[in-house]
Each structure stands twice: as C-alpha cells, then as structure tokens.
Amino acid sequence: MTFDEKDQAYEIDSEMEADVGIFARLRVGIQNWIDDIRYAKGPARKDLLGRFILFIPAVASIFTILMILLLLVYEATPIFAHPDGGLGIIFDSTWAPQLPDNPSYGILIFIVGSFTTTFLAIGIAVPLGLGGAIFLSEFCPAQIRTPLKMIVEMMAAIPSIVYGLWAFVVLRPFMDDAFAPFVQTNPLTSWMPWFQGSLKNGYSLLTGGVILAIMLLPTVVTVSYDALQSVPGTYREASFALGATKSETAKQIVLSAALPGVGAAVVLSLGRAVGETMAILMVTGNNFGIPFTLFDQCYVMTSIIANQMGAAYNRPIWRSALFSVALVLMIMSVIFTLIAKLFIRWGLKTRGMS
Amino acid sequence: MEERPLRSCEDEEAYPEESSAGVGPPEIPLTTRISTYLRTYTKSKRHFTDLLFKIGLGLCALLVIAPFFLILIEVSSTGFAVVFGSGEGEGLEFFTTYPGGGLTGGLAHAFIGTLSLAAVAGIAGIPISVLGAVYINEYTEAGIVRSAIEFAADVLAGIPSIVFGAFGLALIVDVLNFGKGLMAGGLTLAFMMIPTILRTTQEALRAVPMSLREASLALGATRWTTTWQVTVRSAFPGIVTGVLLAFGRIIGETAPLIFTAGNSLRAPTELFGAGSWVASVPYTIYLYTIDPRPYLHPKAHAAALALMMIVFTIDLIANYISIKFTRRLV
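Residues numbered from 1 in each chain as written. Chains lettered and ligands numbered in written order. Predicted model: local features only at pLDDT ≥ 70, side-chain atom pairs only at ≥ 80, totals over all residues. Heavy atoms only, no water.

**Q** So what exactly am I meant to see when it comes to the overall build of chain B here?
**A** A tally of helices and strands in chain B yields 13 helices and zero strands. Ordered by position from N to C terminus, the α and β elements of chain B give α-α-α-α-α-α-α-α-α-α-α-α-α. Projecting the C-alpha coordinates of chain B onto the three principal axes gives extents of approximately 80 × 70 × 35 Å. When contacts within chain B are restricted to residue pairs at least 6 apart in sequence, long-range pairs at least 24 apart make up 70% of them. One finds the centroid of the 22 positive side-chain charges in chain B at a distance of 4 Å from the centroid of its 25 negative side-chain charges. (Helix = DSSP H or I, 4+ residues; strand = E, 2+ residues; numbered from the N terminus. Contact = heavy atoms within 4.5 Å. Lys, Arg positive; Asp, Glu negative; His and termini not counted. Charge placed at Lys NZ, Arg CZ, Asp CG, Glu CD.)

In structure tokens, the structure reads:
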C-alpha cells in the first residue's frame, strides 16, 4: 500500500465516520459491547457488567417523566374524546360532573383560580423576598447573616401541611375579624373594587394568596441571594469608587448583574405556587366560581384533584376530566422549569455567571 | 468572597479622623456615632435616599422571617400542652397509643405509618437515584445523555406533588394493581426522592478530585473497583446528606398520599391488600385540622410540632454531615 492509497483509505474512513447514521453507530456500539463482554475476563468482565447494570437506574428519571406524561395523556384521553368534553373544557366555566343527565366538565374556573392565587402570591412574595435577599447579601452585618439564612432555610423545610394548619387556625380568623372589617370600613380603602364582597369565615382568594406568598418567600430569597452573591465584588468596588452610595450600587449594579438569577427565582416560585396543594386547599373556600374580588372564594387546580379524585375513582369520564387538570398542571410545571433553565443560560451567556 | 467586607465612601466617614491615632480599635461613644450617622445621611438627598432604602430592605427582611416565628409560636404554644400534658392521649401516650373512640387517643398509627412509608420509599428510591448519579457522573462524558438526565431530574423536582399522587393512583394502584396502601404510597414517595438524591449525589461525586480516580486506575484497578472503593467512598458523606434531605422532604408530603396510601387507625399489618392501608402524620394533621370537633385541634398542633421537629432534626444532621466531612476532602 502506497502512501496515497493509505491517505485515501483514511479519508474514506473519516468520511464514513461523519456520515453514518445513529442506527449504524448504535449497531457498532452494541457489537463492540458484545465482543467486549465475550473476550473480557475476571475483573474486566465485572467492570463491563457493572456498567451495563448501572445504566438502568440512570435512565430511571427520564423514564419516570415519560411514564407520567404518557399515563396522564392516556387517562385524560376519554374526556377529550367524549361528546360532553373535548378540548373546549379548558374554556368552559361550568363544573358539574355529578349530574346524571347533562354533566358538564369545564375546568376554566380552576385554571383561573390557580392563576389568580399564583399572581397574587408572586406579587407579594417577589418584592418582599427580593428586598430580603438584597438586605442579606448587601447590607446585612456578618453576625446576623448566618442566623437569618438558617431561618430562611428552615422556612423552606417546614412541610406545607404545617403552613396550612397555621393559615387555617390563625390567618383565616385574622382576615375575617381584623383585616376585612378594617379595609371595608376605612374611607381610604373601602371604595377600592378589589376589597368589595363579603368574607365568609375568612375563606378567600386573599387568604390563599397570602399563605402561598409566605410559602414562596424562602425560594425567592435563597435563589435571588445566590444570584446576588455570584456577582463579583469588583463590580461593587468599581461602583463605590465612582462615588455611588451603597443603595445605588445595590439597585443599579448588583441587581442588574444578577437579573437572570432573579428571573429564574421568580419562574421557579411560579412553578411552586401553581403546584402547591395542601395549604391552599384548606383556606380558599373551594367555591365553584370565578373570583372577582380579593374576598371572593376560589377553587384551584390542585384542590379539585385532591378533593374529588377519591369520589371520581369509579366514574371514568369524571376521573378523566380530573386527569386532564393534572395534565395541564404537569405541562405548566415543565414549561416553568424550561423557562427557568433559559434564564440561567441567558445569565451564563450575557453575564458569564449563573 | 462571602464574608469580605465591602465599604462604600460613607462608611469611612463613620470613623472620625483622630481615632486612627490610638492603638487598636478605638472606642467611639454612641452619641458621636449617632451624630456621624445623622450627619452622613442628611448630607444630601442621595444619602437620605440611601438611608430610606436600607430601612426598607431591613423591614423586608424582618417581614420575610416573621412568619417563621408566628408559626413556631402558634404550633408550639398549643402543641407543648399536649406533648407534655397528662390527659388521655397526651404526654408519652401521644406517641404510643392508637386513637380510641372519637379519636381521643394518641397518634401512634400516624407515626408508625410515616416511618414505614419512608422505609418503603427509601428502599426503592435510594438505590435507583444513587446508582443513576454514579453512572452519569462516572461513566458518561458531558453530552446529550447527561444533560437529558439532569434536565429530567430538574423537571421531576418541579412537578406538583398532587400530580405525583394522580400518577401513583394511575400507575401503581391501577395499572400495576397494587391497590391502595403501604406499597403504593411508599413507591409514589420514592419517585419524589429521585431528583433530590440524584442532584446531591452528583455534586458530591463531582467534588471528588480527579487525581484520586487517576491514582486508582494507575494502580491497575478497573473502573468498577475505582468507582466503589475510591470515588463513592470519599463522596459518601455527601450522598448521605442528599438522602437525608430527600427524607426530610418526603416525610412532610401529604398530597401524594391522599389517594395512594389509604388511611387507617392502626399500624399496617401487611404489604399488600386491605391490611396495608396506612395513615401518615401530615395527612392526619390535615384530617384533624378540618375536623369540626374542637378537641382534635390541639392534637393537630402537637403532630405538626413533632413533624417540624423531625424535619428540622433531619436537616440539621444533613447540614452537620456536609459541613463536617466535605471540608476534609478538599
């Protein structure tokens, strides 16, 4: 073989390597595997087998996601194929699956309920949590930073049912006895349209939103705190050197450098808020209707699943409608995770940090 | 990085010129300090805004941590009366007796139930997630497979717990036909453990220096031996931390158990079938809280207190392990 021939053969080889499809590569890979296992001896064989066995748990998480999606779609198909259902249930606001004739499966009120409580909670939690994170990261004396961070971490660890218990026992009566009479008799606030309506025992959109906001605070604080801390100290020093005050530096330099991380914090807490079940189930009143004021009751997606899945267990269409709600929840949580990832990638690209 | 003091221009002015003449940190009288502060912050509109901003942020931080104390006070003020009381189902009986007629007794069924659910979840969930993390960190290069698995774990961490409950009902109770009870509830919780353990194990493995693996491989060890005898052994504290954090998370979960675990007033007696229906602490708190009978509310508070203490203890141990042992590595 001359040099030319060798060269040519090499070129063909590399061309083939570039062009082979995924199946051919897979086939070669598997062939190599089988050969390896065949000719390997002693510890080498154990090594290969171990590698093969470990592969199964590694794909377990992907497999779980796919299985959840498949099962939810499978369980939700009957309602989308049923004459009473179809895709229109997403825009239908009448939920009456228990009627023997002419049942109705509209899930709009749950979607609206989830969105209103979530945005109320985000509206309270993000400014507060961001303020707390900036305080912790920029202004807090070192002696009280560690205990404050520990408390925030412990807040994240409190089970949601304990928040629910507190909201039920303390927050609900507070809204009923103190807050609602105060804002409704006070001439400053009584004219506001969102404070109209009567509060029934404290079960309301507002109570749900407030407890949800409290539950989101740890997420907002920790994720934004990490984002603020990842801003290099030199940025701050440069800003101080230009004569900026501490608050100007925090607002205009640190916060804007940490913006992607803060965005990720907001999206992550959005996902948490939509998926939260127990606390909100106990205080929103679970009334079938679209809330128009803060004191109206509402019904969120997670609550309807928790409340009716047991009763609907043996009624295929009703149960399928509940699974369609779960499917909507699942899709929303996947989208939120994706957006949070995009925020972090944006941060990596434009700021060079996560 | 974290502890580095950052001073802006006005901080320097808080120390008068003459104080630098003395040896060691000089004592500044409080009145001087206050007056310097006042002088600094009223110097211009910008400085005054700075002060207002600081005060506002401090208030935000206070409001953020206030609910923690409100909850702790409410739960413990009622809960301690039950845990240290001496009536029926109070004191030690709260943890050791089953509920009698009208739910008057203790909550032993819930504590045993939560323990057994956590055990089932751990037996199923820990191996899957730890082995998976070992595979993607030790056997794959960064690429499509690894990022797909990591993304799947992140999505799994974000899925609402009630969706896990619905999934458990559809898959484990119905398709696999396990029926409600200990196995169905425990396996549903096992799925929820995967993301936490997977990501923390991965972090722990990544922290093991490459030189350790290379040294082992250079001595002729296979990758399998290296992984188990060297890498996993040195990452072990980190893995334990992840496992504990995952337990802390699933112990407080209610929503996945509503339709998978069933409920019962006794300890479970079998793994499958009607005898395996099992109560859990969070679900019992929920039932007792919304119950109209007022004497059940203190029990709910006490159970919540116990649950919080269990979760805090687990987290504390996890933190302790991660601080104590991971420092030694690097």
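**Q** Just checking my understanding: could you explain the overall build of chain A for this structure?
**A** A count of helical and extended segments in chain A gives 14 helices and two strands. In terms of C-alpha radius of gyration, chain A reaches 28 Å, well past the compact-globule figure of 20 Å for 354 residues. Structurally, chain A occupies a C-alpha span of about 100 × 75 × 40 Å along its principal axes. Relative to all contacts within chain A whose residues are 6 or more apart in sequence, the contacts with residues 24 or more apart total 70%. When the accessible surface of chain A is split by element, carbon and sulfur atoms take 66% of a total near 17,100 Å². Looking at charge distribution, chain A has the averaged site of its 22 positive side-chain charges lying 7 Å from that of its 24 negative ones. (Rg over C-alpha atoms; globule rule 2.2 N^0.38 Å. Areas by Shrake-Rupley, 256 points an atom, 1.4 Å probe, with all protein chains shown as cover.)

**Q** Please clarify how helix α9 (residues 233–241) of chain A should be interpreted in this entry.
**A** Every α-helix winds through 3.6 residues per turn, so residues three or four apart in the chain are directed the same way. Residues and elements named next belong to chain A. For α9, the full list of buried residues reads G233, R236, S239 and F240. Considered in projection along α9, the buried side chains sweep an arc of 125° and stay on one side of the axis. Directly beyond the C-terminal end of α9, a positive phi value near 95° is found at G243. (Buried < 20%, exposed > 50% of the residue type's maximum accessible area, 1.4 Å probe, protein only. Arc of directions from axis to C-beta.)

**Q** Looking at this model, I keep getting lost on unusual backbone geometry. Mind explaining?
**A** With a phi close to 50°, N286(A) is a non-glycine residue in the positive phi region. Mapped onto the fold, N286(A) is located in the loop between α12 (278–283) and α13 (301–308). For N177(B), which is not a glycine, the phi torsion comes out positive at approximately 60°. Relative to the helices and strands, N177(B) resides in the loop between α7 (161–175) and α8 (182–207).

**Q** What exactly am I supposed to notice about the interface of chain A and chain B here?
**A** The parts lose accessible area when they come together, and the size of an interface is often stated as this lost area. Every contact between the two is made by 89 residues of chain A and, on the other side, 84 residues of chain B. Summing both partners gives a buried area of about 7,600 Å² for chain A against chain B, and 78% of it is carried by carbon and sulfur. Of all residues in chain A, L54(A), L165(A) and W166(A) give up the largest surface area on contact with chain B, accounting jointly for 8% of the area buried on that side. In this assembly, chain A and chain B are joined by three salt bridges. A salt bridge links D154(B) to K341(A), with the shortest nitrogen-to-oxygen separation between them at 2.9 Å. One can count seven residue pairs in polar contact (both at pLDDT 80 or more) joining chain A with chain B. Here the residues of the side of chain A that touches chain B sort into 57 nonpolar, 18 polar and 14 charged. (Buried area = accessible area lost by both parts, 1.4 Å probe. Salt bridge = Lys/Arg side-chain N within 4 Å of Asp/Glu carboxyl O. Polar contact = N/O pair within 3.5 Å; in protein donor to acceptor, adjacent residues only side chain to side chain. Nonpolar A, V, L, I, M, F, W, Y, C, P; charged D, E, K, R; others polar.)

**Q** Sorry if this is basic, but what is going on with the confidence of the model for chain A here?
**A** Do not read the fine detail of predicted coordinates wherever pLDDT is low. Confidence in the prediction of chain A, expressed as mean pLDDT, is 85, and 94% of residues score 70 or more. For chain A, the element scoring lowest by mean pLDDT is helix α1 (residues 3–19) of chain A, at 53; helix α8 (residues 205–229) of chain A scores highest, at 93. (pLDDT = per-residue confidence, 0-100.)

**Q** In this structure, what is going on with helix α10 (residues 223–251) of chain B? I would like to understand it.
**A** With 29 residues, α10(B) ought to run about 42 Å at 1.5 Å a step, yet its terminal C-alpha atoms sit only 36 Å apart, falling short of that. At F236(B), α10(B) shows its maximal bend, which comes to roughly 60°, and the proline P237(B) appears one to four places after that position. (Expected span 1.5 Å × (residues − 1). Bend = angle between axes of the 7 residues up to and from the residue.)

**Q** Can you help me understand the environment of I251(B) in this one?
**A** Residue and element names in this part refer to chain B. Turning to its location among the elements, I251 is positioned in helix α10. A relative accessible area of 13% places I251 in the buried class. Once the C-alpha coordinates of I251 and T114 are considered, the two residues, 137 residues apart in sequence, prove to be 6.8 Å apart. The contacts of I251, once residues within four sequence positions are left out, are T114, P282, L307, I310, V311 and I314.

**Q** How should I be thinking about the environment of G252(B) in this particular structure?
**A** Within the secondary structure, G252(B) is located in the loop between α10 and α11 (255–258). Residues G252(B) and G106(B), spaced 146 residues apart in sequence, show a C-alpha to C-alpha distance of 19 Å.

**Q** What am I meant to see in the packing of aromatic side chains here?
**A** Any pair of aromatic rings gets described here by the distance separating the centres and the angle formed by the planes. Inspection of every chain in the model, using the stated rule, returns 23 aromatic pairs over all chains. Seen from their ring centres, F110(A) and Y299(A) are 5.4 Å apart, and the 80° between their planes marks the pair as edge-to-face. Note that F110(A) is positioned in helix α5 (residues 108–139) and Y299(A) in the loop between α12 and α13, a separation of 189 residues in sequence. Just as F110(A) is buried, Y299(A) falls in that class too. Consider the rings of F139(A) and F53(B), whose centres lie 6.4 Å apart with planes at 70°: the pair is edge-to-face. On the criterion of chain membership, the pair formed by F139(A) in helix α5 and F53(B) in helix α3 (residues 45–83) is interchain, its members lying in two chains. Classification of F139(A) by relative accessible area gives buried; the value is 12%. Here the aromatic residues W95(A), Y105(A), F110(A), F288(A) and Y299(A) are joined through ring pairs into a cluster of three or more. Residue placement shows R172(A) over the ring face of F168(A); its charged tip is 4.2 Å from the ring centre. (Phe/Tyr/Trp six-rings, centres within 6.5 Å; stacked < 30°, edge-to-face > 60°. Lys NZ or Arg CZ within 6 Å of the ring centre and 35° of its normal.)

**Q** Quick question: what am I supposed to make of the pattern of salt bridges here?
**A** Pairs may arise between side chains of opposite charge once their charged atoms sit close together. With the rule as written, the count across this model stands at 11 salt bridges over all chains. Between R199(B) and D154(B) there is a salt bridge, with the nearest N and O atoms lying 2.7 Å from each other. Taken together, the residues span a long stretch of sequence, with R199(B) in helix α8 and D154(B) in helix α6 (residues 144–158) at a distance of 45 residues. In this structure, R206(B) engages E203(B) in a salt bridge whose closest nitrogen and oxygen atoms are separated by 3.6 Å. One end of the pair is R206(B) and the other is E203(B), both in helix α8 and three residues apart, which spans about a single turn. One salt-bridge network, held together by shared partners, links E75(A), R319(A) and D174(B).

**Q** Please explain the environment of T313(B) as it appears in this structure.
**A** Residues and elements named next belong to chain B. Topologically, T313 is positioned in helix α13 (residues 297–329). Given the relative accessible area of 42%, T313 is considered partly exposed. Polar side-chain contacts of T313 include one of 2.4 Å to the backbone oxygen of M309.

**Q** Explain the packing of α7(B) against α8(B) here, please?
**A** Working note: a packed helix pair is described by the angle between its axes plus the distance between those axes. Residues and elements named next belong to chain B. Running from amino to carboxyl end, α7 crosses α8 at an angle of 130°, the nearest separation of the two axes being 9 Å. The orientation of α7 relative to α8 falls into the category oblique. Viewed along their axes, α7 and α8 form a crossing whose handedness is right-handed. In contact with S161, F164, G165, F167, G168, L171, I172 and V173 of α7, α8 contributes A184, L187, T188, F191 and M192. (Axes fitted to C-alpha atoms, helices over the stretch in contact; angles between N-to-C directions. Parallel < 35°, antiparallel > 145°, perpendicular 65-115°, else oblique. Left-handed = near helix turned anticlockwise from the far one by under 90°.)

**Q** Looking at this structure, I do not really get the confidence of the model for chain B. What am I missing?
**A** Residue and element names in this part refer to chain B. Averaged over every residue, the pLDDT of chain B is 85; the share at 70 or more is 91%. Taken together, the stretch residues 12–21 has pLDDT below 50 and engages in 10 contacts with residues farther than four places along the chain or on a different chain. Per the prediction output, this complex has pTM 0.85; the corresponding ipTM is 0.85.

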